[in-house]
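Results of the structural survey
Residues per chain, in single letters:
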Amino acid sequence: MTNQKRSEAYPLRRRQVVEQIVHGKENLLVIAGLGSTAWDITSAGDRDLNFPLWGAMGGAIAMGLGLALAQPDRRVLVVTGDGETLMGLGSFATVALRAPVNLSICTFDNEHYGETGMQSTHTSGETDLAGVATACGISVVGLVRNQAELDAALPDILETPGPVFHAIKVRAENLDFVLPPKDGVHLKNRFRRALLGDEVI
Amino acid sequence: MDWWKQIYEALRQADVRQVAYVPDAGHAALIDACIADARMQAISLTTEEEGIAVLSGAWLGGTRGALLMQSSGVGNCINMFSLAATCRFPLALFITMRGQWHEFNPWQFPMGQATDKHLNVAGVETLTADTPGDVGPMAAATLHQAFSGGGMAALLLHQKLMPVKTFE
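Residues numbered from 1 in each chain as written. Chains lettered and ligands numbered in written order. Predicted model: local features only at pLDDT ≥ 70, side-chain atom pairs only at ≥ 80, totals over all residues. Heavy atoms only, no water.

All names here are of chain A. Omega for the peptide link from G162 to P163 comes to 10 degrees, which places this bond in the cis form. One can find P163 in the loop between α7 (147-158) and β8 (164-169). Located in the positive-phi region is A56, a residue other than glycine, with phi close to 60 degrees. Assignment of secondary structure puts A56 in the loop between β2 (50-52) and α3 (60-70). Even without being a glycine, M118 presents a positive backbone phi close to 60 degrees. Tracing the sequence through the fold places M118 in the loop between β5 (112-113) and β6 (119-120). Assessed through its relative accessible area of 15%, M118 is described here as buried. (Helix = DSSP H or I, 4+ residues; strand = E, 2+ residues; numbered from the N terminus. Buried < 20%, exposed > 50% of the residue type's maximum accessible area, 1.4 Å probe, protein only.)

Another point: the interface of chain A and chain B. Between chain A and chain B, the residue contacts involve 28 residues of the former and 25 residues of the latter. When chain A packs against chain B, close to 2,100 Å² is buried across both sides, 64% of that on carbon and sulfur atoms. Along the contact surface separating chain A from chain B lie zero salt bridges. Taken together, chain A and chain B are joined by nine residue pairs in polar contact (both at pLDDT 80 or more). Only α3, α5 (90-98) and α8 (184-196) of chain A provide two or more residues apiece to the side of chain A that touches chain B. Here the side of chain A that touches chain B is composed, by residue class, of 17 nonpolar, eight polar and three charged. (Contact = heavy atoms within 4.5 Å. Buried area = accessible area lost by both parts, 1.4 Å probe. Salt bridge = Lys/Arg side-chain N within 4 Å of Asp/Glu carboxyl O. Polar contact = N/O pair within 3.5 Å; in protein donor to acceptor, adjacent residues only side chain to side chain. Nonpolar A, V, L, I, M, F, W, Y, C, P; charged D, E, K, R; others polar.)

Attention now moves to the environment of B:P23. Residues and elements named next belong to chain B. Inspection of the secondary structure puts P23 in the loop between β1 (16-21) and α2 (28-36). Residue classification places P23 among the exposed residues on the basis of a relative accessible area of 55%. Remark: the alpha-carbon pair of P23 and E125, spanning 102 residues in sequence, is separated by 23 Å. Aside from chain neighbours lying at most four places away, what touches P23 is I31 and S44.

Turning next to the sheet that holds strand β4 (residues 103-109) of chain A. Residues and elements named next belong to chain A. Taken in spatial order, the six strands line up as β2-β1-β3-β4-β8-β7 in an open sheet, and their pairing is parallel. Across the chains shown, the open sheet's two edge strands, defined by having one partner strand only, are β2 and β7 (140-144). Geometrically, the sheet is characterised by an average inter-axis angle of 15 degrees between neighbouring strands, direction not taken into account. With six bridges joining them, strand β3 (residues 76-81) and β4 adopt parallel strand pairing. Across the sheet, the residue bridging to V78 is I105, located in β4. (Pairing = 2+ DSSP bridges. Axes fitted to C-alpha atoms, helices over the stretch in contact; angles between N-to-C directions.)

As a further point, take the pairing of strand β5 (residues 125-129) of chain B. Residue and element names in this part refer to chain B. When β5 meets strand β6 (residues 152-157), the two strands line up parallel, connected through five bridges. By the bridge assignment for β6, E125 is matched with A153. Viewed along the sheet, the connection from β5 through helix α8 (residues 132-149) into β6 turns out right-handed. (Right-handed = clockwise from strand over helix to strand, strands pointing away.)

All right, on to the packing of α3(A) against α5(A) then. Residue and element names in this part refer to chain A. Between α3 and α5, whose axes approach to 9 Å, the crossing angle comes to 15 degrees. By the criterion of interaxial angle, the relationship of α3 to α5 is roughly parallel. Considering how the two elements wind past one another, α3 and α5 form a crossing that is left-handed. Between α3, through I61, A62, L65 and L69, and α5, the contact on the second element is made entirely by S91, F92, T94, V95 and R98. (Parallel < 35°, antiparallel > 145°, perpendicular 65-115°, else oblique. Left-handed = near helix turned anticlockwise from the far one by under 90°.)

Written out as structure tokens, the structure reads:
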């Protein structure tokens, strides 16, 4: 059974969570899943080393894997939602098999599909994403439900050798859109230029 | 040279460093060669669409990749192709065919008989290698198509190149 209302009372607010994670981390390579997490990451400041997805649902974690393997000396952060994560659950197994130590994944879990009318996701019922990640073999896994747990998890999210996964329970709320650039070629080129230099464009 | 070795040499020649794959009998020797190659990272996927996203991430990070799969996996990729198409991420696919030639399993027919059509509608250019001698030049052309301009390109490897599967 789903619990439609439960997450409306969760204390963590997604925009404040993302701000706390990425603030001042100018070297972090960030992939954001489509929808709310793409707006979240942009609300913390649009930057060249953000790659906010506008589609490709279910692909954010796998994209982070390819990037992490290509850039083993840089921390790669995937920030995505519970619906997006659910569409690509197999990616946890794929990540665990290659086990890049520089990959950290945060799922902002509000237990709803935010972009389509706040329908309940499976995590509003019995599904436990941290449990899924653990069972798939992700090295470092945490469940974050409040500010104290977020404060304690930050070193793991940003520094601990991984792969790392955190399910961060955030309040179900409708927030203003903070839209990143929409042009995919532009997003790709600005990211590659910032990471690899002008000559790659 | 065995046809799979021609693909392996083409991958090396093109400086492909990430090889994503879904296990496949036709690609078995090539996959083993990529796993054994210290310059390559072989990435075993749970579904082919993951590979599209993995290779897009690789390109963001400055690394070239390729995806090895079977024709039945093309259907799994259709929406994820939009990632490569919209952002013009290079995509090089090497697809062993099923449902095409002395196929034992009729459940392979629907995807096998429409693989190139599905790919073309999704914007992926296709070449088909029917004989071992075609494979090397076509593999090189497929990689060139992908990496010279951010295109999506697939080489279909005709089922007659593969051992006949009989379940006997």
